[in-house]
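# Tertiary structure, described
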2 protein chains.
Amino acid sequence: MKSYWIWNYGDYELFHSNLVNCRRQQYEAEVPPFWKLYDVERNVIFFCEKEIENDGVMKLHLNGKGCIMLDDIRYPSDEEIKIAKGYHTFKICVFNLSGLPSAYIESDVLSTDGSWYTKNAEGKKITVGFEKAYDSPSADVEKFNFSYERVEFVSRTKTEKGVLFDFGKEIFGFLYIENANKDAKICVSYGESAEEALDTKWSVIREHISGSESYKLRQRAFRYIYIEGDLDAEVYAELEYLPLNELGSFECSNKTINDIWNMCAYTLKLCAREVFIEGAKRDRWLWGGDAYQIFKFSKYLYFDKEIIRRSLIGLRGKDPFDQHINTITDYSLYWVISLWEYYMTYEDVEFIKFIYPKAVSLMNFCKDRTNEHGFIIAKGEDWIFVDWSEIDKSGVVCAEQMLYYEALNCMYKLSQIAKEENADYKNQAERLKTQINEFFWKDECGAFIDNYESETVNVTRHANIFAVMYGIANREQIYSISENVLKNDNITKITTPYFEGYELDAMGQIENFEYIYDMLCSYWKGMLDLGATTVYEEYDPKLSGIEHYAMYGDKFQKSLCHAWGASPIYLLGKYFLGVSETEAGYESFTVKPYLGKLEFIKGTVPIKDGKVEVFLSKEKLVVKTDKKGGTLIINGNRYSLTPDEEFVLRF
Amino acid sequence: MKSYWIWNYGDYELFHSNLVNCRRQQYEAEVPPFWKLYDVERNVIFFCEKEIENDGVMKLHLNGKGCIMLDDIRYPSDEEIKIAKGYHTFKICVFNLSGLPSAYIESDVLSTDGSWYTKNAEGKKITVGFEKAYDSPSADVEKFNFSYERVEFVSRTKTEKGVLFDFGKEIFGFLYIENANKDAKICVSYGESAEEALDTKWSVIREHISGSESYKLRQRAFRYIYIEGDLDAEVYAELEYLPLNELGSFECSNKTINDIWNMCAYTLKLCAREVFIEGAKRDRWLWGGDAYQIFKFSKYLYFDKEIIRRSLIGLRGKDPFDQHINTITDYSLYWVISLWEYYMTYEDVEFIKFIYPKAVSLMNFCKDRTNEHGFIIAKGEDWIFVDWSEIDKSGVVCAEQMLYYEALNCMYKLSQIAKEENADYKNQAERLKTQINEFFWKDECGAFIDNYESETVNVTRHANIFAVMYGIANREQIYSISENVLKNDNITKITTPYFEGYELDAMGQIENFEYIYDMLCSYWKGMLDLGATTVYEEYDPKLSGIEHYAMYGDKFQKSLCHAWGASPIYLLGKYFLGVSETEAGYESFTVKPYLGKLEFIKGTVPIKDGKVEVFLSKEKLVVKTDKKGGTLIINGNRYSLTPDEEFVLRF
């Protein structure tokens, strides 16, 4: 019978997340993350009760060691066991002290699948985890399933001491070196830029090899490879990637916008792996803030629930929750907000029920870090990040309170979905909103300030953006923020595509779509103009030349392929094609297209169990969806969309 | 410089405890424990700040992968790094997803040792763990250091189908098979008894081998080996053991008592390993109740703090504490009581400070399992064990309340030692004592009953023994218990040496030493008379022949080498040689020897930083100790003992 490898639900995701987080290298040193890694359960029992329809046989395969109890009689693994027709109880015991404990039954009458369960500490049944890809006795659950593809370099240049290979665009994969001189001491220097690859002292990723005629070097990101020590060595790469379907698309009359969309989609592709990593070259870690943004972008491109679910599990780990996600206060809060947005998008009630207790312990941890006014503060080695920007973080930080407010709101709604309604979250959110306005809103600035304890009054975009995004600012405040902060060139500009994504989302919410358009055509275009094939971690138009590649005090530490910068996918899908869910799982949704200065826009937005296709020009609007519940909003009018029927409007 | 492998404190102990718990085999199946296994931290940072006296070099060795930050500059492992004379900060980052993350610095000017620390979630410094044995770059921290010794069988008997080898007494170690016929299909059947080894269908441990001329089979316990399938194969064994010093000794005029003491000491030897395991053959698991008893016995034999400390860490695991130790309510409570007894014996304040938070979370878990009267009850799959005996466990079980009372008392005292005094524990203990007396004491029985909710009134020895041991019974109650329960043959006899140990300890406390003596000469002697070389898991004098080997429904499942039966070591040391601490770490202690029916007793009791030697006959008492603080109590008189001076009294 069709059978799958089964494991303790969540442990597969955690196991692979840990592998992801433990692959960072830099200047030939291994760089572990600086936060706690949670691990899989080492000792697991799988239960099942079943009516077996015919006499048959079974064999237990384990990743680990253990046995099976058939009606309380113990049998070893890897031996054929007879099962008689009739009702039986099964219990698989498996431990694995170094890997992922999992089991597979090979049988003509029985299978391991979603009918098996484990029990949590309270004895509650939890359905096991399994993945369709692991469906044979020889499948290796510790190996993630990627796709592979050979690629060649597009140009090769001899320099004084070595050879520079250009692969045409940033890629991620294995590097093969062949026809090498066995005695040569070869330095392989990787670069996202040619300058980085050529600088064997400061290229972030490099490796010294010798002793063989051919090499296969581990998976890394690069566009350029510079080889010193053997001028005749041949190279090629083998891409490793997750074959996700790009269900979303976007095209318009402005080539720059199309190029930006494609650059962003390609950036996401390189960062979509076991989980969403933040960047392809450097950390390749799972970061909570980055992930929160990427989830939104991904929704308009892949609509793949699984990579998000894996990322959410990997980020949160297990209990005790005694350290913020990535040690960052904001990142814990984003995680909770992500859960709600995940639910609204994919309507995965089972997962919310599973993860809800972990959200509760996270929020308890946060509550232990509130001051006498109810504001969340940093304790010990907590990191208040917000953004790479000059925010006054000397005391209670306003932006964090905005996130805390939204997290509390989300928790209240999640508690209802998990059937554990808890009004405390709602009440706490209401109180916090009042406090935020009392302590941080300054009429004289017409804005929220960073920090009420500081002697100087500092206004940055960040808290004000959140105030708009999460509904903390009222109508008058929004107007004031828009005028005094967002459109005010005297307020320091955002320098990360990360936070620019938030700013533009806020602008989208207040329907300032032109601001989004202009920013794409200036800020993102700026990267394209530098020759970027992927979006940068940080981009400051004031810099020039290789200054663009420097970060964290080093010449080439900046990531030139950073998924947090891919917001145009989201912004164009949500505010130009205009598709948004208005009930969980798109039970109802709106389509509110916006053309602006463009001649036409055209694209597809994936939604749950369906899609929406939009074409809009000055002459015509065509909308088609295969899902019911859609409402078109255009020029102040609302139209119900009939599934599978083209809705056409001529102007 | 002399350097050691360092790790996150406690993780070495946990790592090896997990290995111990995952080695059980039975009828050729692997049998994992049925409780949760906690694991090591996967990602660790070691910190140190030091004044380096001369220019030098260092090389970082890791068990895992990572790097070192010298004054915030990152360097890879396994490379020579220069350190200049002067003050430096060091930070080693190491992860290991499958083993024990640990680090070793090889250097002429720097070493890894107890001057390094990690930080806990609150940022508090925790001194790293290290062991003297791991002091070279090539030392393997994942391998525990045992001693090895070759032993030969003492007799060999051909049977109809095979050959039976007798090693003369129970041993533990590798089995070597040589001169085997490569084509033979050999069945190797292990036995603690000859009957077990010869029964290839029901011997608990056996292995089928073929294809080689020589084999080395994994470590197991056995006295007999039966080989079928190759009559010419040669065998020998290689003992694996922990070379602990037997500091305690006992000898007296009764050879049976001496044989019992030796049998008990040998049983402990076979069970003293990475941690104290319960028995040599079957589970070889770390069990909390067994360990609690064994700690007491071990104190009078080895006085080895380390194996107890390792066992305490291994038993408790980490947080969240969401399942009782071994799933057994009593075993969690024993663990807390053990901590206090460990402190009193070894006065290891640092360890108590380290472990105290884990005792708190354990006690919080217990408190969540109290009913409206404050009694601890079972929830979900909690196992109320107490003993293999017919105790009425249908409701609130009295024996558990006795242990809970003592655990609360110990927690109060531990809270003081850990400098976190918490009077709640004391108050809760007092209330519980009142409740126990109100609900469980029945004047009509003159005893504590098992269960107040039951319709039948059931009195067993167990709760009453604890009432005496832990000072719950007052003087009148003790007298009543002694008469109505302990000396009452109508109350079901104890059938495990485990609980017999508790009974005799209670008898010792009420100075009924003759009862102890008589029980040794009957109950323990009964095992000797059966030919035992080690103490049994259970012993019921009413059984005969191979009935003695049966347990858990199987012919040979009983363990014939079970450390929980070694109480005579303790009883003879504490109540006959008479040595007890009266202050932590034997700052003061008493020597109160008892001769009883014996002609003479003679022995040594190890104490902290010293020992006490006692000789007592009808004519003479000689006591000598090398530690100050001792008081001799004999015939109602008290004498101060002068260190290193023989105290002699002639009668």
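Residues numbered from 1 in each chain as written. Chains lettered and ligands numbered in written order. Predicted model: local features only at pLDDT ≥ 70, side-chain atom pairs only at ≥ 80, totals over all residues. Heavy atoms only, no water.

## A closer look at the overall build of chain A
Secondary structure assignment for chain A yields 14 helices and 30 strands. Relative to the compact-globule value of 26 Å for 651 residues, chain A shows a C-alpha radius of gyration of 27 Å, a close match. Within chain A, the fraction of its 651 residues that count as buried is 63%. Taking as baseline every contact in chain A between residues at least 6 positions apart, the subset at least 24 positions apart corresponds to 72%. (Helix = DSSP H or I, 4+ residues; strand = E, 2+ residues; numbered from the N terminus. Rg over C-alpha atoms; globule rule 2.2 N^0.38 Å. Buried < 20%, exposed > 50% of the residue type's maximum accessible area, 1.4 Å probe, protein only. Contact = heavy atoms within 4.5 Å.)

## A look at the relation of the copies chain B and chain A
Placing chain B over chain A gives an RMSD of 0.0 Å and needs a rotation angle of 180°, together with 0.0 Å of translation along the axis. Taken together, these values place the two copies in the relation of a two-fold axis. Residue Ser98(B) of chain B places its C-alpha closer to the rotation axis than any other residue of that unit, at 2.0 Å. Of the residues that chain B buries at the interface, 100% are likewise interface residues in chain A, meaning the two copies contact each other through the same surface. (Least-squares fit on C-alpha atoms with pLDDT ≥ 70 in both.)

## As for the nonpolar core
By size, the foremost hydrophobic cluster in this structure holds 209 residues, and its most contacted members are Ile177(B), Phe448(B) and Trp524(B). Among the elements that take part in this core, helix H8 (residues 398-417) of chain B stands out by supplying 13 residues, more than any other. Within the second largest apolar cluster, 208 residues are counted, among which are Phe167(A), Tyr215(A), Val397(A) and Leu649(A). (Core = buried A, V, L, I, M, F, W, Y, C linked by side-chain atoms within 4.5 Å.)

## As for the packing of aromatic side chains
A full pass over the atoms with the stated rule returns 138 aromatic pairs over all chains. Judged by centre distance (5.5 Å) and plane angle (70°), the ring pair of Trp383(B) and Phe385(B) falls under edge-to-face. Above the ring of Phe146(A), the side-chain terminus of Arg273(A) is found at 4.3 Å from the ring centroid. (Phe/Tyr/Trp six-rings, centres within 6.5 Å; stacked < 30°, edge-to-face > 60°. Lys NZ or Arg CZ within 6 Å of the ring centre and 35° of its normal.)

## Some words on the domain arrangement of chain A
What the domain assignment reports for chain A is domain 1 (6-130), domain 2 (147-241), domain 3 (242-304 + 494-576), domain 4 (329-384 + 390-492) and domain 5 (584-650). The distance between the C-alpha centroids of domain 2 of chain A and domain 5 of chain A comes to 47 Å. (Domains from an automatic or database assignment.)

## Some remarks on the sheet that holds strand E8 (residues 80-83) of chain B
All names here are of chain B. Reading across the sheet, the four strands line up as E1-E10-E5-E8 and stay open at both edges, with antiparallel pairing between neighbours. A strand with exactly one partner marks an edge of an open sheet, and here the two such strands are strand E1 (6-7) and E8. Pairing between E1 and strand E10 (residues 102-107): two bridges, direction antiparallel. By the bridge assignment, Trp7 is partnered in E10 with Ser102. (Pairing = 2+ DSSP bridges.)

## Quick notes on helix H6 (residues 329-346) of chain B
Residue and element names in this part refer to chain B. Taking 1.5 Å per residue as the helical rise, H6 with its 18 residues ought to reach 26 Å, and the 26 Å between its terminal C-alpha atoms agrees with that figure. Burial analysis of H6 places 17 of its 18 residues in the buried class, which makes it a mostly covered element. Of the residues one or two after H6, Glu347 is the one with positive phi, at around 50°. (Expected span 1.5 Å × (residues − 1).)

## Some thoughts on the side chain of His562(A)
Residue and element names in this part refer to chain A. Relative to the helices and strands, His562 is located in the loop between helix H13 (513-529) and helix H14 (567-576). Given a relative accessible area of 2%, His562 falls into the buried group. Looking at His562, its side chain comes within polar contact range of the side chain of Ser559, at 2.7 Å. If near-sequence neighbours (up to four positions away) are discounted, His562 is found in contact with Thr267, Glu278, Gly279, Arg282, Asp290, Val535, Tyr536 and Glu537. (Polar contact = N/O pair within 3.5 Å; in protein donor to acceptor, adjacent residues only side chain to side chain.)

## Thoughts on the packing of H8(B) against helix H9 (residues 423-440) of chain B
All names here are of chain B. Interaxial distance between H8 and H9 falls to 8 Å at its minimum, and their mutual angle equals 160°. Classified by the interaxial angle, the pair formed by H8 and H9 is roughly antiparallel. The element H8 and its partner H9 pack so that their crossing is left-handed. Within the contact between the two elements, H8 uses Cys398, Gln401, Met402, Tyr404, Tyr405, Leu408, Asn409, Met411 and Tyr412 and H9 uses Ala423, Tyr425, Lys426, Gln428, Ala429, Glu430, Leu432, Lys433, Ile436 and Phe440. Residues that form the contact of H8 with H9 fall into these classes: 13 nonpolar, three polar and three charged. (Axes fitted to C-alpha atoms, helices over the stretch in contact; angles between N-to-C directions. Parallel < 35°, antiparallel > 145°, perpendicular 65-115°, else oblique. Left-handed = near helix turned anticlockwise from the far one by under 90°. Nonpolar A, V, L, I, M, F, W, Y, C, P; charged D, E, K, R; others polar.)

## Here we look at the interface of chain B and chain A
Counting from both sides, the interface comprises 38 residues of chain B and, opposite them, 38 residues of chain A. When chain B packs against chain A, close to 3,100 Å² is buried across both sides, 61% of that on carbon and sulfur atoms. Connecting chain B to chain A are four salt bridges. The partner of Glu381(A) in a salt bridge is Lys119(B), and the shortest N-O contact between them spans 3.0 Å. In this structure, the connection of chain B to chain A is made through eight residue pairs in polar contact (both at pLDDT 80 or more). Counting only elements with at least two residues in the side of chain B that touches chain A, the list comes to helix H1 (11-21), strand E3 (29-30), strand E4 (43-52), strand E6 (65-70), strand E7 (73-76) and strand E9 (86-95) of chain B. By residue class, the composition of the side of chain B that touches chain A is 20 nonpolar, five polar and 13 charged. (Buried area = accessible area lost by both parts, 1.4 Å probe. Salt bridge = Lys/Arg side-chain N within 4 Å of Asp/Glu carboxyl O.)

## Looking at the pairing of strand E15 (residues 162-178) of chain A
Both faces of the sheet carry side chains from a regular strand, because those side chains alternate between them. Residues and elements named next belong to chain A. Most of E15 is tucked away: 14 of the 17 residues are buried. The pairing of strand E14 (residues 155-158) with E15 spans four bridges and is antiparallel. The partner of Arg156 across the bridge, within E15, is Phe165. The loop that links E14 with its antiparallel partner E15 comprises three residues. The pairing of E15 with strand E18 (residues 215-228) spans 11 bridges and is antiparallel. Among the inter-strand pairings, Asp166 is bridged to a residue of E18, identified as Tyr224. Bridge count between E15 and strand E19 (residues 234-241): six bridges; the pairing is antiparallel. Along E19, the bridge assignment pairs Glu178 with Glu234.

## What to know about the pairing of strand E20 (residues 249-252) of chain A
Residues and elements named next belong to chain A. Burial along E20 is one-sided: Phe250 and Cys252 are buried, and none of Ser249 and Glu251, which face the opposite way, are. For E20 and strand E25 (residues 600-607), the ladder comprises four bridges, and the chain directions are antiparallel. Along E25, the bridge assignment pairs Ser249 with Thr604.

## What about unusual backbone geometry?
Residue and element names in this part refer to chain A. Here the bond from Asp319 into Pro320 is cis, since omega is 0°, no more than 30 degrees from zero. Residue position: Pro320 is located in the loop between helix H5 (305-316) and helix H6 (329-346). Within the chain, Asp71 stands out as a residue other than glycine whose phi angle is a positive 50°. Relative accessible area serves as the criterion here: at 34%, Asp71 is assigned to the partly exposed category. Despite not being glycine, Phe303 shows a phi value in the positive range, around 50°. Relative to the assigned elements, Phe303 resides in the loop between helix H4 (288-299) and H5. Phe303 sits in the buried class, given a relative accessible area of 13%.

## What about the sheet that holds strand E24 (residues 589-591) of chain A?
Residues and elements named next belong to chain A. Here four strands make up an open sheet; going across it, the order is E23-E24-E28-E29 and the pairing mixed. Edge positions in the sheet fall to strand E23 (579-581) and strand E29 (637-640), since each of these pairs with one other strand and no more. With direction set aside, neighbouring strand axes in the sheet form an average angle of 25°. Sheet analysis places E23 next to E24, joined by three bridges and oriented antiparallel. Counted as the bridge partner of Glu581 is Phe589 from E24.

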